[in-house]
Amino acid sequence: MKNKQIVAAIDIGTAHITAALANITSAGDIIPIAFAEVPSKGIKKGGVVNIPLVQHAINEVVDILQSDGSYHVHSVITSLSGASIMGYNSSGSVAVRGTNITEHNVKQSVAAARGTVEVLEGRQLLHVLPQSFRVDKQTDIEDPIGLMGEKLSVQVHVISAAKTTYYNLLQAFAHRDVDVDRVIASGFSSAIAVSSPDEKQLGICVLDIGAGTTDVTVISQGVVKHTEVIPIGGDQITGDVAFFMRTTVPIAEKTKCVISLKDVYGENETLKVQGIGEVARKYSKNDLVNVIGERYSQIIEVVLQKLERAGVEESFPAGFVVCGGGAEQQGLVELLMKKTQLPVRKAEIEVPLGREVVKGSRFATIMGLFMCDYEEDYTRTMTNEIKIGIIPKIGGLFSSSLARLRKQF
Ligand SMILES: Nc1ncnc2c1ncn2[C@@H]1O[C@H](COP(=O)(O)OP(=O)(O)OP(=O)(O)O)[C@@H](O)[C@H]1O
Ligand SMILES: [Mg+2]
């Protein structure tokens, strides 16, 4: 746990760049102070493709955070996504030679696991997350401190990114006098923000469906079992709708937001839209359900295949939590439930800011960044019942929002 007060976080997404300032109390409460969101430019499928454009967007959000003159952003915690992110399981060990295992030994074993990963060329290590420990022949130990043994081993989940992707992200901050304190994998950040302690114990799969990527995180028994980034997201769905209706991306974007995948529309129910070349045409709502539903079904199929390949398809009896802007698609929860026969819920993130509340499942990542900043090793975040939520700054909103947020986190 850190003793830091005001923290700045920036989520670099394909569709939005979101930034916030929050006061993180020593008890882990997150009190948002300022918030900014601008359309993203220069990011494709989660990765930086045009540095000046991203720098411009970062300038915009930082300026908004500092606009009332009360705060100056010196350093940030930020997110990284994209297909170069890889998650895999590894291990490390240290000899303890018949002594009682100490916290130092635990750190040594994690460092040993980290050492095996860093040798992989071209990869930047983002997270080394302990899963379980082994002392000699005794496996599945949650906390080995105090146990006596000859050899301590740790199983870890490692999340890494391509070094190039990582440094391109850092470059996007280099123009401004802002240090990047930590870089967190977006999907991991969202997952810890939206899953409850019970879900993390029983086993949950979090899908963050953004504009460019779908980030998959499986958490079970309070540890991360699997992470994966699939380079398909809401942009493809908008593209499909635009292609089908021969219209512009902004019109397609608006159209998909009014279609519900769970509704059965009447034969004659149509939407009239302006096409390319100023020609207005009518499209059957049921046809649009098919176009949108097909791409979501493809995303679900790919997710299920990846989970099966990783051998974790049975690891999340609590089902799925969906977040990210793509989770706002009406009828998605029902579609996923039908395809998987598992419980599914959409994460509702509410960020109380003074008298206003900013809402949206796309704010999972930024809220997760604050949680990641709170503690280095995520132990409390991953397993405890302690109150980690967002509390509003002023009294009027306090009780209702706090109750809601406690339920969500
Ligand atoms: N009501 C809605 N119905 C369907 N899709 C929606 C809705 N609202 C937003 N979206 C989609 O959500 C996506 C944006 O989500 P989000 O802001 O989480 O992406 P991002 O974080 O910027 O991208 P990424 O994480 O992939 O880099 C867009 O593709 C947008 O079309
Ligand atoms: Mg995102």
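As a starting point, this report considers the structure included with it. (Residues numbered from 1 in each chain as written. Chains lettered and ligands numbered in written order. Predicted model: local features only at pLDDT ≥ 70, side-chain atom pairs only at ≥ 80, totals over all residues.)

Focus on the overall build of the protein
On a plain count of helices and strands, the protein comes out with 12 helices and 20 strands. For the protein, whose C-alpha radius of gyration is 22 Å, the value lies close to the compact-globule estimate of 22 Å for 409 residues. Considering only C-alpha atoms, the protein reaches an extent of 80 × 50 × 45 Å along its principal axes. Counting across all 409 residues of the protein, residues that qualify as buried make up 44%. The long-range share in the protein, meaning contacts at least 24 apart out of those at least 6 apart in sequence, stands at 67%. (Helix = DSSP H or I, 4+ residues; strand = E, 2+ residues; numbered from the N terminus. Rg over C-alpha atoms; globule rule 2.2 N^0.38 Å. Buried ≥ 20, exposed ≤ 12 C-beta atoms within 10 Å, placed from the backbone. Contact = placed C-beta atoms within 7 Å.)

Focus: the site of ligand 1
Taken together, 25 residues lie around ligand 1, and Gly 13, Thr 14, Gly 210, Gly 234 and Gly 325 are the ones closest in. Of all the secondary-structure elements, those providing two or more residues to the shell around ligand 1 are helix H6 (234-245) and helix H7 (249-258). Residue composition of the shell around ligand 1, grouped by class: three nonpolar, 17 polar and five charged. (Near = placed C-beta within 6 Å. Nonpolar A, V, L, I, M, F, W, Y, C, P; charged D, E, K, R; others polar.)

Notes on the packing of helix H1 (residues 51-65) against helix H3 (residues 163-174)
A packed helix pair is summarised by two numbers, namely the angle formed by the two axes and the spacing between the axes. For the pair H1 and H3, interaxial distance at closest approach is 8 Å and the crossing angle is 55 degrees. If you check the angle between H1 and H3, you find them oblique. As for the relative orientation of H1 and H3, their crossing is right-handed in sense. Together, Ile 51, Val 54, Gln 55 and Ile 58 of H1 and Gln 171, Ala 172 and Phe 173 of H3 make up the contact between the two elements. A class-by-class count of the residues in the contact of H1 with H3 yields five nonpolar, two polar and no charged. (Axes fitted to C-alpha atoms, helices over the stretch in contact; angles between N-to-C directions. Parallel < 35°, antiparallel > 145°, perpendicular 65-115°, else oblique. Left-handed = near helix turned anticlockwise from the far one by under 90°.)

Side note on the pairing of strand E13 (residues 214-220)
Every regular strand shows the same layout, with side chains that alternate between the two sheet faces. In terms of burial, E13 is a largely internal element, seven of the seven residues being buried. Neither face of E13 is open: one carries Thr 214, Val 216, Val 218 and Ser 220, the other Asp 215, Thr 217 and Ile 219, and all of them are buried. Two strands pair when backbone bridges link them, and strand E12 (residues 204-209) and E13 are joined in this way by six bridges, in the antiparallel orientation. Note that in E13 the partner of Val 206 across the bridge is Thr 217. Hairpin remark: E12 followed by E13, antiparallel, with four residues in the connecting loop. The pairing of E13 with strand E14 (residues 223-230) spans seven bridges and is classified as antiparallel. Its bridge partner being in E14, Ile 219 is matched across the sheet by Val 224. (Pairing = 2+ DSSP bridges.)

Quick word on the sheet that holds strand E18 (residues 344-346)
Reading across from one edge, E14-E13-E12-E17-E18 is the order of the five strands in this open sheet, with mixed pairing throughout. Edge strands, defined here as strands with exactly one partner in the open sheet, are E14 and E18. For this sheet, the mean inter-axis angle between neighbouring strands, taken without regard to orientation, is 20 degrees. Running over the sheet, helix H4 (residues 186-194) touches E12, E13, E14 and strand E17 (320-323) and is turned about 50 degrees from E13.

So, the environment of Pro 52
Position of Pro 52 relative to the elements: it lies in helix H1. What makes Pro 52 exposed here is the crowd of 11 C-beta atoms within 10 Å. Along the chain, Pro 52 and Leu 342 lie 290 residues apart, while their C-alpha atoms are 44 Å from each other.

Quick word on the nonpolar core
Grouped together as the largest cluster of nonpolar side chains are 102 residues, with contacts concentrated most on Ala 9, Ala 19, Ile 58, Cys 205, Val 322 and Phe 370. In this structure Ala 19 touches Ala 8, Ala 9, Ile 10, Ala 36, Val 61, Val 62 and Leu 65, once residues within four positions along its chain are discounted. (Core = buried A, V, L, I, M, F, W, Y, C linked by C-beta atoms within 7 Å.)

Regarding the pairing of strand E1 (residues 6-12)
Burial within E1 is extensive, with six of its seven residues counted as buried. Linkage of E1 to strand E2 (residues 16-24), two consecutive antiparallel strands, is achieved through a turn of three residues. One ladder, built from two bridges, connects E1 with strand E6 (residues 75-80); its direction is parallel. Residue pairing for E6: Ala 9 is matched across the bridge by Ile 77.

Comments concerning unusual backbone geometry
Positive phi, close to 45 degrees, is recorded for Lys 45, a residue that is not glycine. Among the structural elements, Lys 45 can be located in the loop between strand E4 (43-44) and strand E5 (47-48). The buried category is assigned to Lys 45, around which 21 C-beta atoms lie within 10 Å. Of note, the phi angle at Asp 136 is positive, near 55 degrees, even though the residue is not glycine. Checked against the element boundaries, Asp 136 lands in the loop between strand E8 (123-135) and strand E9 (138-141).

Describing the sheet that holds E1
In spatial order, the strands read E3-E2-E1-E6-E11; together these five strands make up an open sheet with mixed pairing. Two strands in the sheet have a free side with no partner beyond their single neighbour: strand E3 (30-39) and strand E11 (179-185). Direction aside, the axes of adjacent strands within the sheet are offset by 20 degrees on average. Pairing between E6 and E11: six bridges, direction parallel. Pairing of Ile 77 across the sheet is with Arg 182, part of E11. Of the strands in this sheet, E1, E6 and E11 are in contact with H4, which crosses E11 at around 75 degrees. Along the sheet, helix H10 (residues 364-374) contacts E1, E2, E3, E6 and E11; its crossing angle with E1, the most-contacted strand, is approximately 135 degrees.

Description of H10
Within H10, 11 of the 11 residues are buried, leaving the element largely enclosed by the surrounding structure. Turning to H10, its buried residues are Ala 364, Thr 365, Ile 366, Met 367, Gly 368, Leu 369, Phe 370, Met 371, Cys 372, Asp 373 and Tyr 374.

A look at the environment of Ala 113
Considering the arrangement of structural elements, one finds Ala 113 in helix H2 (residues 103-118). The exposure class assigned to Ala 113 is buried, which follows from the 24 C-beta atoms found within 10 Å. Dropping the residues within four chain positions of it, Ala 113 is found in contact with Ser 90, Ser 91, Gly 92, Val 128, Val 154 and Val 156.

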